[in-house]
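Structural features, examined
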Amino acid sequence: MRTTDLLPAAALLVALASPALAMDDQETFWRVDARAEKRVSSIAPATEWAATAWIGEDRNKLRLANTGIVGDNGHIDNEGGTKGIDSRFFYSRLVSDFWDAKAGVQFTVFDEGVTRSGFLAGFEGLAPYGIHVDFVAGVSQTGVVSARLEASYDALLSQKLIATPYLEAMVASKDDPAIQLGSGLSRFELGLRLRYEIRKEFAPYLGVSFEQYTGNTASFVAASGEPTSLVRALVGLKVWF
Amino acid sequence: MKLLAWAATAAVFTATLPAFAGTYDLVIDRTNVAIDGQTRRVFSINGEIAGPVLRWKEGEEVTVNVTNRLKEDTSIHWHGILLPFYMDGVPMVSFGGIKPGETFTYRFKVRQAGTYWYHSHSGGQEQEGMYAPIVIEPAKGEREKVARDYVVMLSDHHPMSAGAILRKLKQEPGYFNDRRRTLPGLMRDLSAAKTTEEKQAVIASRLMWGEMRMDPTDLADVTGYTFLVNGRGPTDNWTGLFRPGEKVRLRFINGSAMTLFDARIPGLRMRVVQADGQDVKPVEVDEFRIGVGETYDVIVEPKDDRAYTIEAQSIDRRGFARGTLAPRAGMTGPAPVLRPPSLLTEADMGHGGSMAGMDHSKMDHSKMNHGAMASDELSGLVHVPPVDAPPGSKVLSYTDLKRANRAYRLNPPDRTIDIRLTGNMEKFFWSFDDRKYSEAPVMNFTEGETVRLVFRNETMMNHPIHLHGLWMDVENGAGDERPRKHVVIVPPGRTVSVTVHMTEEGRWPFHCHLLYHMMTGMFREFVVSARGTPLPAASSTPAKGGGHAHH
């Protein structure tokens, strides 16, 4: 991403932070969420993290995200071209009571220094029954059109003990062999995280994930000698402020 | 110099009309106070919270010098008081606010009597201590002859600053709800259900609330408050003394930021004689609900030589404000017992009957029919008293309120304006007609016209709606006896209507009196202009009456 790309964003930030009106109902707020976990496995142990942040007022926000997974072998895990170390930068706008539409850019570093950048658009919010949904579709510099869905649900076992089943899935329009991405449904992951909120803002958790590569992606992953189906135990910490 | 001139003028007035002019000095500062044994840093008025009581007389020309010793701007708003709009004390609407180190002089003639209050209208200072009572004696003396007269000011104190609370609400709207529905709770409800129908109802309720992405336990946006009587916590136990057989007047004022209360004094009937400072025909009750900003004056006659507990439970039943009426200091009455919290019901969503078959994901509240509006008077729709009062209790309802003062005329409305009470609970902002204050133009009115305002609450929360500078005549079914108020509670899913005679030119704030609802956008400016004249200037330096002085 070039410096010039950041200029409109900087202008927006200044606008958001500008002095208030009579009754300041346009005040700027922000929130940072971060999660780090060990993915425990005899064959593919790894460390994963996800950090997201937003700043803005009720209707207009800037959103940042950084996620990544690095194997205990020291290699970035491409996850079949669906993950790597991924940074996103969005402008989002509230379009209905429960949904923000968003558009922005993405930059991903894969194993062996391969990089991909692209444009993304999508939405995030709360679906009926309280299901958190984050959906983005985009196009990368290699011309691959892809879409990614993340959904989760907080089931309260008590006011502090919360079970969160989740789903991640990605589809791609064509192969990108350099990052092991195949066309069609590339990969999906189903899992459950069980967190205990010592404070609302601070919650250690345990979990389990089932990860499955499919189609051409599975062939690419298998060719590099990695498992195409995996169950891992998760141990992590979730914080926000 | 200017100040000297004013002082001289005041002195002259004092000499000639001793009963009709008074000067009051208020100093705003940060102070430590003790609440239930804990030291709390508050925004204080003359070193107090819930005080000092200002005692005025109807007809008095009052001068109030407010000195700001804070590091930030402040203001004092006279809640329920009729006055020139530039004396109303709302920053950027009625004046420019009071800067640090500055003294602002408020000057107006008191044109009414009764129980009112005053508070800061700047940021969250009100929650953090800046609220106090006003008692105005009628020109002809009090109508009710009593032996004792006490103010009972209810409020809510929070260990977090108002700014910190708002930030958490914006980040995580359910942050303060520690009663969310759980899976084990579902299992309990299912095993408690005896029949298949009951089990189905349990499931249907979960599905309905889930589909709406709402929580029926969401009765209060903020929890963690300590509830106070006259600035004292429940264990501090504020006490008012009486001799058995005496008549005691209690002036209840709800000066909370976010809390509606259900108040009662077990063992005593209360005779309600005034609401929002206006005399009403006496009504005997056991309990009354008091919204933020409302006042009720009651008269009790304790006969026994024992202590009586004044208890006011918050409507989410998380706690109570407590005080005592006793023949001697140091006595305590029976401890209040919190009633179990209720859940919001389908009716609170504006649906009288079953919701089966409705597609709530496509629910368009703006098209919902909230009841026939054809009749001249919207009776019977107002005020839902608590359903959990002890059996046999008489709970005050708005329909019980009938004006005692027949000296003013009630006009039929010239026009009707619908105002929907709206909000986004997921992003935590509140609004009228889906638009926040910053997103909506002012509402224009002509001096002398009478306008019916129909409030349709499309949210799950009670909104105490407050209008500055003008009375709202509540259409409560009492016809020509209907009462006038400055705050009207609009319960969840309900419709309440009022008429407003636009008697006072000016810029008048109209807002929900729940602090975080007002701060996030549930606010409008009513501009009342004389026919054929331009609008009064906003936030200009007052042309007459008030003034600033630097120290």
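Per chain, residue numbering runs from 1 following the sequence as it is written. Throughout, the order in which chains and ligands are written sets their labels, letters from A for the former and numbers from 1 for the latter. Residue-level local features of this predicted model are given only where pLDDT is at least 70; pairs of side-chain atoms are given and counted only at 80 or more, and the full residue set underlies all totals for whole chains, interfaces and linings. As a rule here, side-chain values cover all heavy atoms of the structure and leave hydrogens and water aside.

In the annotation of an unreviewed UniProt entry, the entry for chain B reads Copper resistance system multicopper oxidase, and the organism field reads Reyranella aquatilis.

In the nomenclature of an unreviewed UniProt entry, chain A is known as Copper resistance protein B of Reyranella aquatilis.

**Concerning the overall build of chain B**
Note the cut-off: Helix and strand labels come from DSSP, where a helix needs a run of H or I of at least four residues and a strand needs a run of E of at least two; each type is numbered from the N terminus. Residue contacts follow a heavy-atom distance rule, with two residues in contact if any of their heavy atoms lie within 4.5 Å. What sets the accessible areas is the Shrake-Rupley method with a 1.4 Å probe; for residues, cover comes only from the shown protein chains.
Scanning chain B from N- to C-terminus turns up five helices and 31 strands. The contacts in chain B between residues at least 6 apart in sequence include a share of 76% that link residues at least 24 apart. A total accessible area of about 20,700 Å² is found for chain B, and carbon and sulfur atoms account for 54% of it.

**Here's the deal with the interface of chain B and chain A**
Often the size quoted for an interface is simply the accessible area lost on bringing the parts together. Inclusion rule: Throughout, the accessible surface (probe 1.4 Å) given up by two parts as they are put together, summed over both, is called the buried area. Throughout this description, the term salt bridge denotes a Lys or Arg side-chain nitrogen within 4 Å of a carboxyl oxygen of Asp or Glu. Throughout this description, a polar contact denotes any pair of N or O atoms lying within 3.5 Å of each other; where both atoms belong to protein, one of them has to be capable of donating a hydrogen while the other can accept it, and for residues adjacent in sequence the pair is counted only when both atoms sit in side chains. Side-chain classes are defined by residue name, with Ala, Val, Leu, Ile, Met, Phe, Trp, Tyr, Cys and Pro counting as nonpolar, Asp, Glu, Lys and Arg as charged, and the others, Gly among them, as polar.
Contacts between chain B and chain A engage 38 residues on the former and 37 residues on the latter. Roughly 3,200 Å² is buried in total at the junction of chain B and chain A, and carbon and sulfur atoms are behind 55% of that figure. Summed over the shared surface of chain B and chain A, the result is six salt bridges. For the pair chain B and chain A, the interface holds 19 residue pairs in polar contact (both at pLDDT 80 or more). When residues of the side of chain B that touches chain A are traced back to their parent elements, those giving at least two are helix 2 (162-171), helix 3 (183-192), helix 4 (196-212) and helix 5 (515-519) of chain B. No other element matches helix 2 of chain B, which puts five residues into the side of chain B that touches chain A. Counted by class, the side of chain B that touches chain A contains 13 nonpolar, ten polar and 15 charged residues.

**Topic: the sheet that holds strand 28 (residues 495-501) of chain B**
Residues and elements named next belong to chain B. Heads up, the rule is: Two strands pair under a simple rule: DSSP has to find at least two bridges between them.
Pairing within the open sheet is mixed, and its six strands lie in the order 21-20-23-28-25-26. Either end of the sheet is taken by a strand with one partner, and the two such strands are strand 21 (429-432) and strand 26 (484-485). In this sheet, strand 21 lies alongside strand 20 (residues 415-424) in antiparallel orientation, the contact comprising four bridges. Note on strand 21: the bridge partner recorded for T422 is S431.

**Focus: unusual backbone geometry**
Glycine aside, a negative phi is what most residues show, and trans is what most peptide bonds show. Residue and element names in this part refer to chain B. For the bond running from G51 to P52, omega is 0°, close enough to zero to count as cis. With respect to the secondary-structure elements, P52 resides in the loop between strand 2 (38-45) and strand 3 (54-57). Despite not being glycine, R213 shows a phi value in the positive range, around 60°. The topology assignment puts R213 in the loop between helix 4 and strand 10 (226-229). In this model, D434 sits at a positive phi of 65°, which is unusual for a non-glycine residue. Along the polypeptide, D434 turns up in the loop between strand 21 and strand 22 (443-446).

**Let's talk about the environment of P336(B)**
Residue and element names in this part refer to chain B. Locating P336 in the fold gives a position in the loop between strand 19 (320-326) and strand 20. With 102 residues separating them along the chain, P336 and P234 place their C-alpha atoms 9.9 Å apart. With near-sequence residues (within four places) excluded, P336 lies in contact with T309, E311, F320 and R322.

**Comments concerning helix 2 (residues 215-223) of chain A**
Side chains that are three or four residues apart share a direction in an α-helix, a result of its 3.6 residues per turn. All names here are of chain A. Put simply, the rule reads: Any residue under 20% of the maximum accessible area for its type is buried, any over 50% is exposed, and the rest in between are partly exposed; the area is computed with a 1.4 Å probe on protein chains only. By arc we mean the arc of the directions from the helix axis to the C-beta atoms, nothing more.
Those residues of helix 2 lying buried are T217, A218 and V221. End-on, the buried residues of helix 2 take up no more than an arc of 100°, which puts them together on one face. Buried residues along helix 2 sit in contact with strand 11 (184-196) and strand 12 (202-213). The positive-phi residue at the C-terminal boundary of helix 2 is G225, with phi of around 80°.

**Looking at helix 3 of chain B**
All names here are of chain B. Among the residues of helix 3, G185, L186 and L190 are the ones counted as buried. Axial view of helix 3: buried residues confined to an arc of 135°, hence all on one face. Among the exposed residues of helix 3, those pointing more than 90 degrees away from its buried face are M187, R188, S191 and A192. Considering only its buried residues, helix 3 is in contact with helix 4. At the N-terminal boundary of helix 3, the capping side chain belongs to T182, with an oxygen 3.0 Å from the backbone nitrogen of G185.

**Re the packing of aromatic side chains**
Two descriptors summarise a pair of aromatic rings, namely the distance from one centre to the other and the angle between the planes of the rings. The test is simple: Note on aromatic pairs: the rings of Phe, Tyr and Trp (six-membered ring only in Trp) are paired at centre separations within 6.5 Å, and the planes decide the class, stacked below 30 degrees, edge-to-face beyond 60, tilted for the rest. Should the NZ of a Lys or the CZ of an Arg lie within 6 Å of a ring centre and within 35 degrees of the ring normal, that charge is described as sitting over the ring.
Throughout the structure, instances matching the rule amount to 29 aromatic pairs over all chains. Measuring from ring centre to ring centre gives 4.7 Å for F445(B) and F526(B), while their planes differ by 45°; the resulting arrangement is tilted. Within this pair, whereas F445(B) is found in strand 22, its partner F526(B) is found in strand 30 (residues 523-529), the two being separated by 81 residues in sequence. In terms of burial, F445(B) and F526(B) fall into one category: buried. Among the aromatic residues, ring-to-ring pairing joins Y24(B), W56(B), W78(B), F95(B), F104(B), Y106(B), F108(B) and Y118(B) into one connected group. Geometry around F90(A) places K102(A) over its ring, the cationic atom sitting 4.5 Å from the centre.

**Quick look at the packing of helix 3 of chain B against helix 4 of chain B**
Residues and elements named next belong to chain B. For clarity, the threshold we go by: Helix axes are fitted only over the stretch in contact, all axes being lines through C-alpha atoms; the angle between N-to-C directions runs from 0 to 180 degrees. We call two directions roughly parallel when the angle between them is under 35 degrees, roughly antiparallel when it is over 145, roughly perpendicular when it lies between 65 and 115, and oblique otherwise. By convention the crossing between two helices is left-handed if the near helix lies anticlockwise of the far one by an angle smaller than a right angle, and right-handed if it lies clockwise.
Their axes nearest at 8 Å, the elements helix 3 and helix 4 cross at an angle of 155°. Here helix 3 is positioned roughly antiparallel relative to helix 4, judged by the angle of their axes. When you trace helix 3 past helix 4, the crossing you get is right-handed. Every residue of helix 4 that contacts helix 3 at G185, L186, D189, L190, S191 and A192 is listed here: E198, K199, V202, I203 and R206. Residue composition of the contact of helix 3 with helix 4, by class: five nonpolar, two polar and four charged.

**As for the sheet that holds strand 11 (residues 238-241) of chain B**
All names here are of chain B. Spatially, five strands are ordered 11-19-18-13-16 in an open sheet, and the strand pairing comes out mixed. Of all strands in the sheet, those bounded by a partner on one side alone are strand 11 and strand 16 (287-290). Across the sheet, the mean angle separating the axes of adjacent strands is 20° when strand polarity is ignored. Here strand 18 (residues 308-314) pairs with strand 19 via six bridges, running antiparallel. Residue pairing across strands places E311 opposite R322, the latter belonging to strand 19.

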